[in-house]
Amino acid sequence: MRRWIMHVDMDAFFASVEQLDHPEYKGHPVIVGGLSSRGVVATASYEARKFGVHSAMPISRAKKLCPHGIYVYPNMARYKEISHIIHKVMEEFTPIIEPLSLDEAFLDVTGITHKFTGPKALGRAIKDRVFEETGLIISAGLAPNKFLAKLASDLDKPDGLVVIPYGKECESLANLPIKRIWGVGPSTERRLKDGGFALIKDVQALPDEKPLVPYVGNQARRIWELARGIDERPVEPDRQIQSVGNEETYESDIEDPAVIDLELHYFANRVAKRLRKYGLMGYTVSIKVRYNDFKTVSRQKRLDSATDQERIIYDTSVLLWNKLMRTAPLPQFDTSVLNMPIKPIRLLGVTVSGLSTEGIVQDDLFSIGTDEKDEKLSTVLDSLASKFGEGAIMSGALWRRAHGDGGERRKRSELKAEIDLENEE
């Protein structure tokens with residue numbers, strides 16, 4: 001039996017939902033994202049894209065390109081509601097669904113294409129059902145594997161429906177630019193072009209991956225296989241979350257040590273709560289810092305045992321801050337380094353990765369391991385937050401952060417945390 005994978009992608013999802021809920025927005029450029037001067041575009045409608053506006057662009061830049069656009073703050077609860085309806089529609093066709101975000105998923109439709117006149121008719125049926133239930137349009141791609149299906153869904157947007165049939169894999173890829181291969185970003189693209197590989201057919205012409213090694217190292221085999229349309233990865237309905245993190249781009253640069261300390265407390269609190277929500281623990285804590293000159297640096301540390309505890313994540317973040325400030329990592333927790341002069345910071349964040357559903361209990365190298373008292377306290381606080389809201393009870397550090405500047409940092413960070421959850425739910 002031939003394997004058929006479908007990739008569905010909502011067209012300009014957040015903006016499309018806003019246009020659905022506000023008919024007066026239809027036909028106009030709609031930009032959804034943070035509305036402060038340092039906010040970024042989450043989604044731009046196709047009308048806005050004609051002006052050069054795109055996702056991840058600074059809002060300030062978007063407003064210069066499209067000054068008459070409609071700028072909207074994200075309504076994550078509404079987007080999740082629509083995403084849930086779409087997921088239910090997909091379940092009418094197959095139970096094997098791998099969500100990638102609120103607006104994107106893979107479906108394994110092997111064995112059901114015979115119920116239609118072919119893969120394209122199946123794709124059309126799913127598109128029609130989504131439109132019936134939501135009034136929204138999706139683009140879809142069907143192919144023998146995940147790489148080709150995702151590629152196909154992007155070839156004829158918006159409202160696309162493309163099928164890459166068996167036996168046409170190489171032909172369909174041949175004349176596309178090398179950057180169309182999954183994982184080939186700008187730097188890898190430059191290296192490959194330097195080697196004479198500008199189009200996918202240039203890689204297809206190779207007998208094996210060896211000529212690629214000088215340019216892409218251990219990625220050579222994967223790139224060579226994808227160029228030939230080879231991808232054996234299955235659709236994974238229970239795809240595991242890879243990391244949980246929180247970061248924020250600040251309206252004004254921060255350099256006050258006390259503010260940085262509060263931010264690390266806040267990020268540790270948010271990340272720990274989300275880890276516990278999903279029943280996960282993580283081995284690796286990392287911090288990310290972007291200075292006002294846009295230089296971005298990060299540091300990470302692998303713990304001896306996995307954790308979901310705020311105190312450990314915070315203490316480890318401070319140890320990493322010590323390392324970033326070019327001080328020797330200390331064998332005990334010490335915040336004195338926070339008083340050292342620093343460059344103004346534009347963005348700060350904390351992430352936990354190396355996730356597991358179980359933690360291995362052993363002594364931690366820095367003696368900042370969890371204990372039964374921490375776990376009991378976390379359980380109680382999570383329960384109170386669930387019943388009475390996030391602000392019902394909080395530590396002194398979190399209270400100072402929430403109220404120290406009128407709550408503006410809190411509002412922006414919580415929005416960012418909601419958007420981050422797209423890739424977790």
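Residues numbered from 1 in each chain as written. Predicted model: local features only at pLDDT ≥ 70, side-chain atom pairs only at ≥ 80, totals over all residues. Heavy atoms only, no water.

Another point: the overall build of the protein chain. On a plain count of helices and strands, the protein chain comes out with 16 helices and twelve strands. Residue burial in the protein chain is summarised as follows: out of 425 residues, 48% are buried. A separation threshold of at least 6 residues defines the contact pool for the protein chain, and within that pool the share at least 24 residues apart is 67%. As presented, the protein chain carries roughly 20600 Å² of accessible surface, and 52% of it is formed by carbon and sulfur atoms. (Helix = DSSP H or I, 4+ residues; strand = E, 2+ residues; numbered from the N terminus. Buried < 20%, exposed > 50% of the residue type's maximum accessible area, 1.4 Å probe, protein only. Contact = heavy atoms within 4.5 Å. Areas by Shrake-Rupley, 256 points an atom, 1.4 Å probe, with all protein chains shown as cover.)

Time to look at the nonpolar core. Residues Met-6, Val-8, Phe-13, Tyr-79, Leu-107, Val-109 and Ile-126 are the most contacted members of the largest nonpolar core, which totals 35 residues. Taken together, the elements giving at least two residues each to this core come down to β1 (5-10), α1 (13-21), β2 (30-33), α4 (76-91), β6 (104-108), α5 (119-134) and β7 (138-143). Examining the composition of this core, we find that six residues originate from one element, α4, more than from any other. The contacts of Leu-107, once residues within four sequence positions are left out, are Trp-4, Ile-5, Met-6, Val-8, Met-90, Thr-94, Ile-96, Ile-97, Ile-126 and Val-235. Val-259, Leu-275, Val-285 and Leu-320 belong to the second largest nonpolar core, which has 34 residues in total. (Core = buried A, V, L, I, M, F, W, Y, C linked by side-chain atoms within 4.5 Å.)

Further remarks concern unusual backbone geometry. Leaving glycine aside, a negative phi is the common case for residues, and trans is the common case for peptide bonds. Across the junction of Lys-157 and Pro-158, the peptide omega takes the value -10°, indicating a cis bond. Mapped onto the fold, Pro-158 is located in the loop between α6 (146-153) and β8 (161-163). The residue Ala-56 is not glycine, and still its phi comes out positive at about 75°. Mapped onto the elements, Ala-56 comes out in the loop between α2 (46-49) and α3 (59-65). The class of Ala-56 is exposed, set by a relative accessible area of 59%. For Phe-294, which is not glycine, the phi torsion reads 75° and is therefore positive. Relative to the elements of secondary structure, Phe-294 occurs in the loop between β10 (281-291) and β11 (296-307). Residue Phe-294 is classed as exposed on the basis of its relative accessible area of 53%.

The final tally for this structure, using the stated rule, is nine aromatic pairs. With 5.9 Å between their ring centres and 50° between their planes, Phe-13 and Phe-14 make a pair best called tilted. With respect to burial, Phe-13 and Phe-14 carry one shared label: buried. What links up through ring pairs into an aromatic cluster is the set Phe-13, Phe-14 and Tyr-79. A cation over an aromatic ring shows up here: Arg-49 above the ring of Tyr-46, its NZ or CZ 4.3 Å from the ring centre. (Phe/Tyr/Trp six-rings, centres within 6.5 Å; stacked < 30°, edge-to-face > 60°. Lys NZ or Arg CZ within 6 Å of the ring centre and 35° of its normal.)

Attention now moves to the side chain of Thr-43. By the element assignment, Thr-43 lies in strand β3 (residues 41-44). Thr-43 sits in the buried class, given a relative accessible area of 8%. In this view, Thr-43 contacts Ala-12, Phe-13, Phe-14, Ala-15, Val-30, Ile-31, Val-32, Arg-49 and Ser-55; residues no more than four positions away in its chain are not counted.

Below, the discussion takes up helix α12 (residues 257-277). With 21 residues, α12 should cover 30 Å at 1.5 Å per step; its first-to-last C-alpha distance of 30 Å lies within 8% of that length. For α12, the buried fraction is high: 18 of the 21 residues fall into the buried class. For α12, the N-terminal capping position is held by Asp-256, with its side-chain oxygen 2.9 Å away from the main-chain nitrogen of Ala-258. Immediately beyond the C-terminal end of α12, within one or two residues, lies Gly-279, with a positive phi of roughly 65°. (Expected span 1.5 Å × (residues − 1). Polar contact = N/O pair within 3.5 Å; in protein donor to acceptor, adjacent residues only side chain to side chain.)

Axis separation between α12 and helix α13 (residues 310-324) bottoms out at 8 Å; the angle between their running directions is 135°. In terms of axis orientation, α12 runs oblique to α13. The handedness of the crossing between α12 and α13 is right-handed. Residue-level contacts link Ile-260, Asp-261, Leu-264, His-265, Ala-268, Asn-269, Val-271, Ala-272, Leu-275 and Arg-276 of α12 to Glu-310, Ile-313, Tyr-314, Ser-317, Val-318 and Trp-321 of α13. (Axes fitted to C-alpha atoms, helices over the stretch in contact; angles between N-to-C directions. Parallel < 35°, antiparallel > 145°, perpendicular 65-115°, else oblique. Left-handed = near helix turned anticlockwise from the far one by under 90°.)

So, about the sheet that holds β10. On the basis of which strands lie adjacent, the open sheet formed by four strands has the order β9-β12-β10-β11 and antiparallel pairing. With partners counted over all chains shown, the strands left at the sheet margins are β9 (243-254) and β11, one partner each. With direction set aside, neighbouring strand axes in the sheet form an average angle of 10°. As paired elements, β9 and strand β12 (residues 345-356) share eight bridges and run antiparallel to each other. Bridged to Ile-254 within β12 is Ile-345. In the packing of α12 onto the sheet, contacts are made with β9, β11 and β12, and the angle to β9 comes to roughly 155°. (Pairing = 2+ DSSP bridges.)

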